[in-house]
Amino acid sequence: MDEPVKRIRGVRDILPEETHLWRFVEWIVHAVMSTYGYQEIRTPAFELTDLFVRGVGLETDIVNKEMYTFTDKGGKSLTLKPELTAPVVRAYIQNHLDREAPITRLYYFDDLYRQERPQKGRLRQFSQFGVEAIGSPHPEQDVEVIALAYDLCSLFEPQGLTLRLNSIGSPEMRGEYLERLREVFQPYAADLDQLDRQRLKNNPLRLFDSKNPETQAILDQHAPLISDHISSEDREHYEEVQASLRALGIPFEHDPKMVRGLDYYTRTTFEITSGKLGAQDALCGGGRYDDLVKQLGGPDIPAVGFAAGVERLLLVAGERLQEKVTPRQLDVYLVVLAEEARAPALARAQELRAAGYTVILETLRRSAKAQLREANRSGARAALILGEDEVKKGTCMVKRMDTGEQEEVALEQLAEKLDGILHPKPETD
Ligand code: AMP
């Protein structure tokens, strides 16, 4: 026999036992987003590679090592989207959404692709939901986005979340800070690995993303903190964000080392982690990116957003959701006992579905016993049994699967009978 073709590493099949949980998460996300006034946007699966190089930054892990890039027949370099902010901003600019309103609140629920080393909680295709609020430079906009992220994550994981917050200031101040960082690292430059040497040369802020313990030790012991090198306006902004979060009762920690792995952030950055996740503990990350719209060729409009990973949320909340969220139960299993009953059974199934019932019809032509066993296994609440006799008389047998009671019912009375089984009236005394 031929070898079956296997799934590649780092991607998943989401099987029926789990898809109902995904639909539940999607439903919650759509509902909560709309309570905050955010509107859904959907962008293409691939974009010009240049969008991510310009938007995310050449020295980032995503662009440097993780993109699925290919050349199409026209010779263009295209990339499967590894993140959503750059595509959403591209769509915002290209569709002139800035002309429609002074502020645009967008959200997405989408699949991303990154060629990372797969491990628990780290996949090569995964899903994120997130928002981009484009238009306001003020701290209350940061707070709205952080509160929304925290709200959504808490719905799935009410305990054990940590919100970490930092400000990396505006780019005008960053030059001076990066110079200081370079000075600190210069004496150790020869000892750094190749990637960190490249980071030191091109974008020292990215040294914070290094997985090399020696680089992290130098950062811990010698590096100045970026939040100590921000302007007084940046500091005021950051203080207002923190004060508002306190007023809302959203707990957070200031984490001066959190810079986040993307180049476009300015001022506020934040991350929500869960103690339940192990090494890959980030559920959600975001921040302000005041220059990206302009950098991508749009108007000079500030923005702030976040992205949360759905697989990780399900890792954290999966068991609880499995208990609470059950797939819709099957109403009717249609048992077909004779050749003459096949066409009428198909018609009955269609009528019942049109009336809103969930119906499975036997298509394997099994024995009566096997069909009733299947009706039982399927979890249906009623079996409708159609044989030669019933077809002749214009009736069908209705069997309640919970009690095993069986009764012959005229087709005209079928809907009423089923209703009695599926939606029993509460007893009154
Ligand atoms: P990022 O876009 O890297 O800031 O990631 C935002 C969120 O997406 C993270 O906090 C994770 O929950 C999730 N995420 C990022 N990368 C992966 C991955 N490779 N596999 C699964 N989830 C991921």
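Here, every reference points to the structure presented above.
Residues numbered from 1 in each chain as written. Predicted model: local features only at pLDDT ≥ 70, side-chain atom pairs only at ≥ 80, totals over all residues. Heavy atoms only, no water.

**Brief notes about the sheet that holds strand S14 (residues 382–386)**
Backbone-to-backbone hydrogen bonds join strands into a sheet, with any given pair of strands oriented parallel or antiparallel. The criterion, for reference: Here a strand pair is declared whenever DSSP counts at least two bridges between the two strands. Runs of E in the DSSP output that reach at least two residues are strands. Runs of H or I that reach at least four are helices, and both are numbered from the N terminus. To get an axis, fit a line to the C-alpha atoms, keeping to the stretch in contact for a helix; angles then go from 0 to 180 degrees between the N-to-C directions. It only takes one pair of heavy atoms within 4.5 Å for two residues to be counted as in contact.
If you trace the five strands from one edge of the open sheet to the other, you get S13-S12-S14-S15-S16, paired in mixed fashion. Lying at the two open borders of the sheet, with one neighbouring strand each, are strand S13 (359–361) and strand S16 (406–410). The average angle at which neighbouring strand axes cross in this sheet is 25°, direction not considered. Here strand S15 (residues 395–400) runs beside S16; their pairing, made up of five bridges, is antiparallel. Of the residues in S16, the one forming a bridge with Cys396 is Val409. Its contacts with the sheet place helix H12 (residues 339–354) against strand S12 (332–336), S13 and S14, and it is angled at close to 165° to S13. Lying on the sheet, helix H15 (residues 414–422) is in contact with S12, S14, S15 and S16; it crosses S15 at an angle near 0°.

**Some words on H15**
Using the following cut-off: Buried residues are those whose accessible area, probed at 1.4 Å on protein chains only, stays under 20% of the maximum for their type, while exposed residues exceed 50% and partly exposed ones sit between those limits. In this description, the arc belongs to the directions extending from the helix axis to the C-beta atoms.
Within H15 the residues assigned to the buried category are Leu414, Leu418, Ile421 and Leu422. Summarising the axial view, the buried residues of H15 lie within an arc of 85°, below the 170-degree limit, and thus occupy one face. Along its buried surface, H15 packs onto S12, H12, S14, S15 and S16.

**Concerning helix H6 (residues 171–185)**
Note the threshold: Given a helix with a known number of residues, its expected span is that number minus one, times 1.5 Å.
Here H6 is 15 residues long and its end C-alpha atoms lie 21 Å apart, about the 21 Å a rise of 1.5 Å per residue gives. Burial in H6 covers these residues: Arg174, Tyr177, Leu178, Leu181, Val184 and Phe185. On its buried face, H6 is in contact with helix H7 (194–202), helix H8 (213–222) and strand S9 (266–274).

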